[in-house]
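Here is what each chain is made of, one letter per residue.
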Amino acid sequence: MALINPMKFIEKAQEKGCAIASFNVHNLETIQAVVEGAYEENCPVIIQTTPGTLKHAGIPYIAACVKAAAELYDVPIALHVDHCKSFETIMQCIRYGYTSVMIDAAHLPYEENVAMVKKVVEVAKSVGVAVEGELGRIGGTEDTLTVDEREATFTVPSEAVEFVKATGIDTLAIAIGTAHGEYKGEPKLDFERLSEIRKCVDLPLVLHGASGVPDYQIKESLSRGISKINIATELKIPMAKAIKECFANKPTEIDPRNYMGAAKLAVKEVVREKIRLCNGTNLADCLK
Ligand code: 13P
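Residues numbered from 1 in each chain as written. Predicted model: local features only at pLDDT ≥ 70, side-chain atom pairs only at ≥ 80, totals over all residues. Heavy atoms only, no water.

Engineer: Can you break down the overall build of the chain residue by residue, with the values?
Structural biologist: Within the chain, the secondary structure is distributed over eleven helices and eleven strands. Dimensions of the chain, computed from C-alpha atoms along their principal axes, come out at roughly 60 × 40 × 35 Å. Here the chain holds 288 residues, and the buried ones make up 56% of them. Of the contacts formed within the chain by residues at least 6 apart in sequence, a portion of 73% connects residues at least 24 apart. If you sum the accessible surface of the chain, you get close to 12,500 Å²; carbon and sulfur atoms cover 54% of it. Side-chain charges in the chain split into 32 positive and 39 negative, and the spacing between the mean points of these groups amounts to 2 Å. (Helix = DSSP H or I, 4+ residues; strand = E, 2+ residues; numbered from the N terminus. Buried < 20%, exposed > 50% of the residue type's maximum accessible area, 1.4 Å probe, protein only. Contact = heavy atoms within 4.5 Å. Areas by Shrake-Rupley, 256 points an atom, 1.4 Å probe, with all protein chains shown as cover. Lys, Arg positive; Asp, Glu negative; His and termini not counted. Charge placed at Lys NZ, Arg CZ, Asp CG, Glu CD.)

Engineer: Can you lay out the site of the ligand for me, pointing to particular residues and giving the numbers?
Structural biologist: The environment of the ligand is formed by 14 residues, the closest being D82, G209, S211, A232 and T233. In the model, an oxygen atom of the ligand is placed 3.2 Å from a nitrogen or oxygen of the H180 side chain. Considered on its own, the ligand offers 300 Å² of accessible surface; in the complex 100% of this is hidden by protein. Breaking the shell around the ligand down by element, the ones donating at least two residues are strand 3 (77-84), strand 9 (179-180) and strand 11 (226-231). Here the residues of the shell around the ligand sort into three nonpolar, nine polar and two charged. (Near = heavy atom within 4 Å. Polar contact = N/O pair within 3.5 Å; in protein donor to acceptor, adjacent residues only side chain to side chain. Nonpolar A, V, L, I, M, F, W, Y, C, P; charged D, E, K, R; others polar.)

Engineer: Account for the sheet that holds strand 11, naming residues and giving values.
Structural biologist: Taken in spatial order, the eight strands close into a barrel running 1-2-3-4-5-8-10-11, and their pairing is parallel. Going across the sheet, the axis of each strand differs from the next one's by a mean of 25°, ignoring polarity. As paired strands, strand 5 (residues 130-135) and strand 8 (residues 171-174) are joined by four bridges and run parallel to one another. Counterpart to E132 in the pairing with strand 8 is T171. Its contacts with the sheet put helix 7 (residues 157-167) on strand 5 and strand 8, and the angle it makes with strand 5 is roughly 150°. (Pairing = 2+ DSSP bridges. Axes fitted to C-alpha atoms, helices over the stretch in contact; angles between N-to-C directions.)

Engineer: Talk me through a negative patch on the surface; I want residue IDs and the actual numbers.
Structural biologist: A contiguous patch of negative charge, built from E111, E112, E159 and E162, is present on the exposed surface. Among the elements of the structure, helix 6 (110-126) and helix 7 are those that each provide at least two residues to the negative patch. With respect to the secondary-structure elements, E162 resides in helix 7. (Patch = residues over 30% accessible without salt bridge, like charges linked within 9 Å, V, L, I, M, F, W, Y side chains within 5 Å. Salt bridge = Lys/Arg side-chain N within 4 Å of Asp/Glu carboxyl O.)

Engineer: Give a description of the packing of helix 6 against helix 7 that names residues and reports values.
Structural biologist: Between helix 6 and helix 7, whose axes approach to 9 Å, the crossing angle comes to 40°. Here helix 6 is positioned oblique relative to helix 7, judged by the angle of their axes. The two elements helix 6 and helix 7 cross, and the hand of that crossing is right-handed. Residues Y110, N113, V114, V117, K118 and V121 of helix 6 touch helix 7, and the partners they reach there are E159, E162, F163, A166 and T167. Residues belonging to the contact of helix 6 with helix 7 are distributed by class as follows: six nonpolar, two polar and three charged. (Parallel < 35°, antiparallel > 145°, perpendicular 65-115°, else oblique. Left-handed = near helix turned anticlockwise from the far one by under 90°.)

That's the geometry; what it means functionally is another story.
Given below as structure tokens:
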């Protein structure tokens, strides 16, 4: 199967009250882990890369590996660039076959945010690529993007209505109390705000910083209208742990197929758990 525009399955998830688990990958093994996990759960999936990963691995390598995975596994797959501030990088990703992009202009004043997002929407939509926009700012660190707690701001429902109308985005990432990276204590999501936003805008809503959010709060987010959740840190942790364990058990290990193989299996387990948490198992059947 070729890579597809994720709106085809995000809208289905929205209709069914479940969410698409979207995973940030960094290399071949994480791509394989996500695709195999999604295939085993029979659930459409979004593979995401931050600009930091594009710098590390290169757009052509990532695009080629994800396209190969999509050809090998009979499950719908979209390729998305996450938190990209650069219009040029977004254009390059689209040229290499990305089917979805997130333009992150939330750091700009409102009018400039709107103008930048609109510019991306015009080009992306003309070639069938989906666009995610963000209103409000999610705190914490995602690769090279750090938003200080004092700068993090929650999404204002009335502004969300205006922003969606003005930009023409397909999905909206909202700030309701999650943060990128590891939490110091238990996060407390502002569910009232989520419900308020859900009441005023029709398009699918995205929850960033889903790693470390307790399952009951993810479930509550789904029931109040989140249709895509982003996970990065919760894949990095088991990956590093599996590699460390490999070396702890066998300090003379030098074969990357052994330690990276163990890492891949550990990541795949979490991918499957997150898909189940989002009620995504067998969602692919609803698209046939
Ligand atoms: P986490 O690292 O907290 O999972 O956040 C991922 C994310 O939101 C990517 O955009």
